[in-house]
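Analysis of the macromolecular model
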Amino acid sequence: MDDELIAALGDELHGALRGRRTLPPLTARHAGITVDDAYRISLHLLRLREAAGERVIGKKIGVTSKPVQDMLDVRQPDFGFLTDAMQVADGARVSLAGTALIQPRAEGEIAFCLRSDLRGPGVTRADVIAATDWVAPCFEIVDSRIADWKIRIQDTVADNASCGVFVVGAQRTDPRTLDLAAVQMQMWKNGQPCGSGSGAAVQGHPAEAVAWLANTLGERGIPFRAGELILSGSLAALVPVTAGDRCTMTIEGLGGCSIAFTE
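In this text the structure is predicted, and so the values were computed from the model without any measurement. (Residues numbered from 1 in each chain as written. Predicted model: local features only at pLDDT ≥ 70, side-chain atom pairs only at ≥ 80, totals over all residues. Heavy atoms only, no water.)

Description of the layout of surface pockets
Its boundaries defined by the atoms lining it, the largest pocket holds a volume of some 160 Å³. Taken together, 15 residues make up the lining of the largest pocket; nearest its centre are Arg-18, Arg-49, Ala-85, Thr-99 and Ala-100. In terms of residue count, strand β6 (residues 163-168) provides more of the lining of the largest pocket than any other element does, three residues in total. Classifying every residue of the lining of the largest pocket gives seven nonpolar, three polar and five charged. (1 Å grid on protein atoms, 1.4 Å probe; cavity = no way out; pocket = protein on both sides within 12 Å on 5 of 7 lines; lining within 4 Å. Points joined across faces, edges and corners; volume = space filled by probe spheres on them. Helix = DSSP H or I, 4+ residues; strand = E, 2+ residues; numbered from the N terminus. Nonpolar A, V, L, I, M, F, W, Y, C, P; charged D, E, K, R; others polar.)

Following this line, the structure appears as structure tokens:
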């Protein structure tokens, strides 16, 4: 795709985000769009958000577990950027309109906070653990500017990996003190169980997913920076949420977090 079309599609997605509206899939309108094209669109979208005052504070991985891949019919991970405007406090009541959420779904994840830089390629799981200051439970509320979540990998990459908002739990845990692949997560919506999974659901180990992202972005000249948050991917299937819902979760050894939704 030429630069003009890349910019036009990035502008479309930014307008949809700000206007809380959806768009037909990019892949339905541009059959030749590649993942590289989608990444360029995503960067254009990010530049527009930064121009509006947002600041990058981390990165995220999506579609890492089989339940999510099956739900979305997307067969490889995607990636996006986290900004300060996306983070909300643990236990917050989030306005769907105020956060520009359109068709949100909740994911239970493990968040990594880095104490040192990482730059791929060549990053391993051990490198990730060594570079991590702490891990914590996290709700990512994914959202899509693509109508009815009819996404292919190019659509979600272009749309900043379908990121909406996220919340990180208060407990900080040294990742060297437990087996992150073995930890068990439980999720509830309005007091009813709505999902469960283990750390191994994410590419066998959450740090493997983080290493994959470090290497994928490293090939594009983008490092992980000390202090950044990295969301490692959902441990269970996505849970649709609407105004009035409250989601809570716990991860064995890591504590828990919660988020509620209003109009």
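Looking at the packing of helix α1 (residues 3-19) against helix α3 (residues 35-51)
Two numbers describe how α1 lies on α3: the axes approach to 8 Å, and their chain directions differ by 55 degrees. Between α1 and α3, the interaxial angle falls into the category oblique. α1 and α3 meet at a crossing whose hand is right-handed. Where α1 approaches α3, its residues Asp-3, Ile-6, Ala-7, Leu-9, Gly-10, Asp-11, Leu-13, His-14, Leu-17 and Arg-18 are matched on the opposing element by Asp-37, Arg-40, Ile-41, His-44, Leu-45, Leu-48 and Arg-49. Class assignment for the residues of the contact of α1 with α3 results in eight nonpolar, three polar and six charged. (Axes fitted to C-alpha atoms, helices over the stretch in contact; angles between N-to-C directions. Parallel < 35°, antiparallel > 145°, perpendicular 65-115°, else oblique. Left-handed = near helix turned anticlockwise from the far one by under 90°. Contact = heavy atoms within 4.5 Å.)

Here's the deal with the pairing of strand β11 (residues 246-251)
With burial as the criterion, only one face of β11 is covered, namely that bearing Cys-247, Met-249 and Ile-251; the residues Arg-246, Thr-248 and Thr-250 on the opposite face remain uncovered. Direction of pairing for β11 relative to strand β12 (residues 255-262): antiparallel, over a ladder of six bridges. Bridging from a neighbouring strand, Thr-248 pairs with Ser-258 of β12. What sits between β11 and β12 in their antiparallel hairpin is a turn of three residues, with Gly-253 showing a positive phi close to 85 degrees. (Buried < 20%, exposed > 50% of the residue type's maximum accessible area, 1.4 Å probe, protein only. Pairing = 2+ DSSP bridges.)

Quick word on the sheet that holds strand β8 (residues 192-198)
Read across the sheet, five strands follow the order β3-β12-β11-β7-β8 without closing on themselves; strand pairing throughout is mixed. Each edge of the open sheet is held by one strand with a lone partner, namely β3 (93-95) and β8. Across the sheet, the axes of successive neighbouring strands diverge by a mean angle of 20 degrees, strand direction being ignored. With six bridges connecting them, strand β7 (residues 184-189) and β8 associate as antiparallel partners. When the bridges of β8 are listed, Trp-188 appears paired with Pro-193.

Some details on helix α7 (residues 206-218)
Given a rise of 1.5 Å per residue, 13 residues ought to cover 18 Å, and the 18 Å separating the end C-alpha atoms of α7 matches this to within 8%. Within α7, 11 of the 13 residues are buried, leaving the element largely enclosed by the surrounding structure. Those residues of α7 that are buried lie in contact with α3, β1 (56-62), β2 (78-83), β4 (105-114), α5 (125-131) and β9 (229-231). (Expected span 1.5 Å × (residues − 1).)

Some thoughts on the pattern of salt bridges
Considering all chains together, one arrives at 13 salt bridges under this definition. Salt-bridge contacts for Arg-29 lead to Glu-12; the nearest nitrogen and oxygen are separated by 3.1 Å. Separated by 17 residues along the polypeptide, Arg-29 in helix α2 (residues 26-29) and Glu-12 in helix α1 bring together distant segments of the chain. With relative accessibility at 30%, the residue Glu-12 sits in the partly exposed group. For the salt bridge of Asp-174 with Arg-176, the shortest nitrogen-to-oxygen distance reads 2.9 Å. Residue Asp-174 is classed as partly exposed on the basis of its relative accessible area, which comes to 32%. (Salt bridge = Lys/Arg side-chain N within 4 Å of Asp/Glu carboxyl O.)

Here's the deal with the environment of Ile-222
With respect to the helices and strands, Ile-222 occurs in the loop between α7 and β9. On the accessibility criterion, Ile-222 (16% relative accessible area) is buried. Considered as a pair, Ile-222 and Gly-120 are 102 residues apart in the sequence and their alpha carbons are 8.4 Å apart. Those residues in contact with Ile-222, other than ones at most four positions away along the chain, are Tyr-39, Lys-59, Phe-81 and Leu-217.

Notes on the packing of aromatic side chains
For the coordinates displayed, the defined rule picks out two aromatic pairs. Relative to Phe-79, the ring of Tyr-39 lies with its centre 5.7 Å away and its plane at 55 degrees, an arrangement referred to as tilted. Residue Tyr-39 is found in helix α3, and its partner Phe-79 is found in strand β2; the two are separated by 40 residues along the sequence. Considered together, Tyr-39 and Phe-79 belong to a single accessibility category, that of buried residues. Relative to Trp-212, the ring of Phe-79 has its centre 6.1 Å away and its plane inclined at 50 degrees; by these criteria the two rings are tilted. One end of the pair, Phe-79, is in strand β2; the other, Trp-212, is in helix α7, and 133 residues separate them in sequence. (Phe/Tyr/Trp six-rings, centres within 6.5 Å; stacked < 30°, edge-to-face > 60°.)

Thoughts on unusual backbone geometry
Residue Gly-120 is joined to Pro-121 through a cis peptide bond whose omega torsion reads 5 degrees. Despite not being glycine, Asn-160 has its phi angle at roughly 55 degrees, a positive value. By the element assignment, Asn-160 lies in the loop between α6 (153-158) and β6. Not every positive phi belongs to a glycine, and Ala-161 is a case in point at roughly 55 degrees. Examined against the element boundaries, Ala-161 turns out to sit in the loop between α6 and β6.

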